[in-house]
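Listed below are the residues making up each chain.
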Amino acid sequence: MQTVLFHSTIFGPIKSRRLGVSLGINLMPNDGKICSFDCLYCEAGFNAQGPGKDGIPTREAVKKGLKRKLEAMHAAGEPLDVITFSGNGEPTVHPLFLDIVKDVMRLRDTYYPEAKVSVLTNSTMAGKPHVAEALKLVDNNIVKLDSALAATFRLVNRPSSPNVIPEGVIEDLKQFAGQCVVQTMMLRGEWEGHRFDNTTEAEVDALINAYKAIQPREVMLYSIDRKTPAETLTKVTAEELETIAQRMQAAGFKVQVNA
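Starting from 1, residues in each chain are numbered consecutively following that chain's sequence as written. Local features in a predicted model are, by the rule used here, given only for residues with pLDDT of at least 70; side-chain atom pairs are given and counted only at 80 or more, and totals for whole chains, interfaces and linings are based on all residues. Side-chain descriptors were evaluated using all non-hydrogen atoms of the structure, hydrogens and water having been removed beforehand.

A.B. asks: Tell me about the pairing of strand 8 (residues 194-197), and name the residues and values.
C.D. replies: As judged from the 4 bridges shared by strand 7 (residues 187-191) and strand 8, these two strands associate in the antiparallel manner. Residue pairing in the sheet places Glu190 in a bridge with Arg195 of strand 8. Paired strands, in this sense, are two strands between which DSSP finds at least two bridges. Numbering goes from the N terminus for both helices and strands, where a helix is a DSSP run of H or I of at least four residues and a strand is a run of E of at least two. Hairpin connection of strand 7 to strand 8: 2 residues between the antiparallel strands, including Glu192 at a positive phi of 50°.

This is the structure we're talking about:
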């Protein structure tokens, strides 16, 4: 099983193909993974590796670590495009997510006021009021929707709760109309004898209908770019992504393709 964990709460900066020069914030353990999804393509590996022993970082540890890093970067004249909540699982699971987001926004305003604050979320916690409030504060609220069809959704994203279904996620995301960015991983493959392909006409039609309900600021399309824990996945070509993007653009959506 491929596993690439971030071993610190503040990591990078790294060059993100979608966001630019990004300084990461990992709100999950540094030695394990905690997530409400168990996606076949997750670069952090499967949830079966366990949560580790370190536990989640405290609010104070996040604030102190970020302040120290931003001070050093600013003093050295280093560029920064974005501060990104990402890492070893789902950041919005952290019980103090809203408070931490507020801390990060204040530190950003002090050291890098031109930088954006982004959250990469799988959308499963978006219906909780404190999470929704936090996601409305950030510059880039990047939510996930890989399939609007239940069978593919469950096969690819493997939510830990049976109550998490695409219809519920779509309903929760409606509150971010005009503000959120929907990120969709396009891929095909096989898992435990079941084949899937979210690039088919039926899948893309369902995604377009979901986007119409959500009304995102933008759609990000991409495919796998690194080794994945499930080794039976196939990358979708840049040409295919462009063709799918054209269909979505024709439906009225701004689409960014990251091949």
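Having put the structure on the table, let's press on.
A.B. asks: Describe the environment of Gln179, with residues and values.
C.D. replies: Turning to its location among the elements, Gln179 is positioned in the loop between helix 5 (166-173) and strand 6 (181-185). In the structure, Gln179 is positioned 97 residues away from Val82 in sequence and 17 Å away in space, judged by C-alpha atoms. The criterion used for residue contact is that any of the two residues' heavy atoms lie within 4.5 Å. Once residues lying within four places of it in the same chain are set aside, the contact partners of Gln179 are Leu135, Lys136, Val138, Asn141 and Arg217. Polar contact criterion, stated in full: a pair of N or O atoms within 3.5 Å, where within protein one must be able to donate a hydrogen and the other to accept it, and residues adjacent in sequence count only if both atoms are side-chain atoms. For Gln179, the side chain forms a polar contact with the side chain of Asn141, separated by 3.2 Å.

A.B. asks: Go over the sheet that holds strand 7, please, and point to the residues and values.
C.D. replies: Spatial strand order, 8-7-10: 3 strands in an open sheet with antiparallel pairing. Each edge of the sheet is formed by a strand with only one pairing partner; in this case those strands are strand 8 and strand 10 (233-235). The average angle at which neighbouring strand axes cross in this sheet is 10°, direction not considered. Sheet topology places strand 7 next to strand 10; 3 bridges connect them, and they run antiparallel. In the sheet register, Gly189 faces strand 10, and the bridge partner there is Leu233. On the sheet, helix 4 (residues 150-157) packs against strand 7 and strand 8 and is oriented at approximately 105° with respect to strand 8. Only C-alpha atoms enter the line fits that serve as axes; for helices the fit covers just the stretch in contact. Angles between N-to-C directions range over 0 to 180 degrees.

A.B. asks: Quick one: what's the story with unusual backbone geometry, residue by residue and with numbers?
C.D. replies: In the segment running from Gly12 into Pro13, the intervening peptide bond is cis, with an omega of 10°. Relative to the assigned elements, Pro13 resides in strand 1 (residues 10-16). In the Ramachandran plot, Gln215 falls in the positive-phi region, its phi being about 55° despite a non-glycine side chain. Examined against the element boundaries, Gln215 turns out to sit in the loop between helix 6 (201-214) and strand 9 (218-222).

A.B. asks: Before we move on, can you summarise helix 6 with the specific residues and values?
C.D. replies: Think of an α-helix as 3.6 residues a turn; residues three or four steps apart then line up on the same face. The terminal C-alpha atoms of helix 6, which comprises 14 residues, lie 20 Å apart, in line with the 20 Å expected from a rise of 1.5 Å per residue. Where helix 6 is buried, its residues meet helix 4, helix 5, strand 6, strand 8, strand 9 and helix 7 (238-250). One or two positions beyond helix 6, positive phi appears at Gln215, with a value near 55°. Multiply 1.5 Å by the residue count of a helix minus one, and that product is the helix's expected span.

A.B. asks: Describe the packing of helix 6 against helix 7, and please don't skip the residues or the numbers.
C.D. replies: Helix-helix packing is characterised by the crossing angle of the two axes and by the distance between the axes. Two numbers describe how helix 6 lies on helix 7: the axes approach to 10 Å, and their chain directions differ by 40°. When the axes of helix 6 and helix 7 are compared, the pair comes out oblique. In the packing of helix 6 onto helix 7, the handedness of the crossing is right-handed. The segment helix 6 lies against helix 7, with Glu201, Val204, Asp205, Leu207, Ile208 and Tyr211 engaging Ile244, Arg247 and Met248. Residue classes follow a fixed rule: Ala, Val, Leu, Ile, Met, Phe, Trp, Tyr, Cys and Pro count as nonpolar, while Asp, Glu, Lys and Arg count as charged, and any other residue, Gly among them, counts as polar. Classifying every residue of the contact of helix 6 with helix 7 by side-chain character gives 6 nonpolar, no polar and 3 charged. Throughout, the term roughly parallel applies to angles under 35 degrees, roughly antiparallel to angles over 145, roughly perpendicular to angles from 65 to 115, and oblique to all others. Here a crossing is called left-handed whenever its near helix is offset anticlockwise from the far helix by less than a right angle, and right-handed whenever the offset is clockwise.

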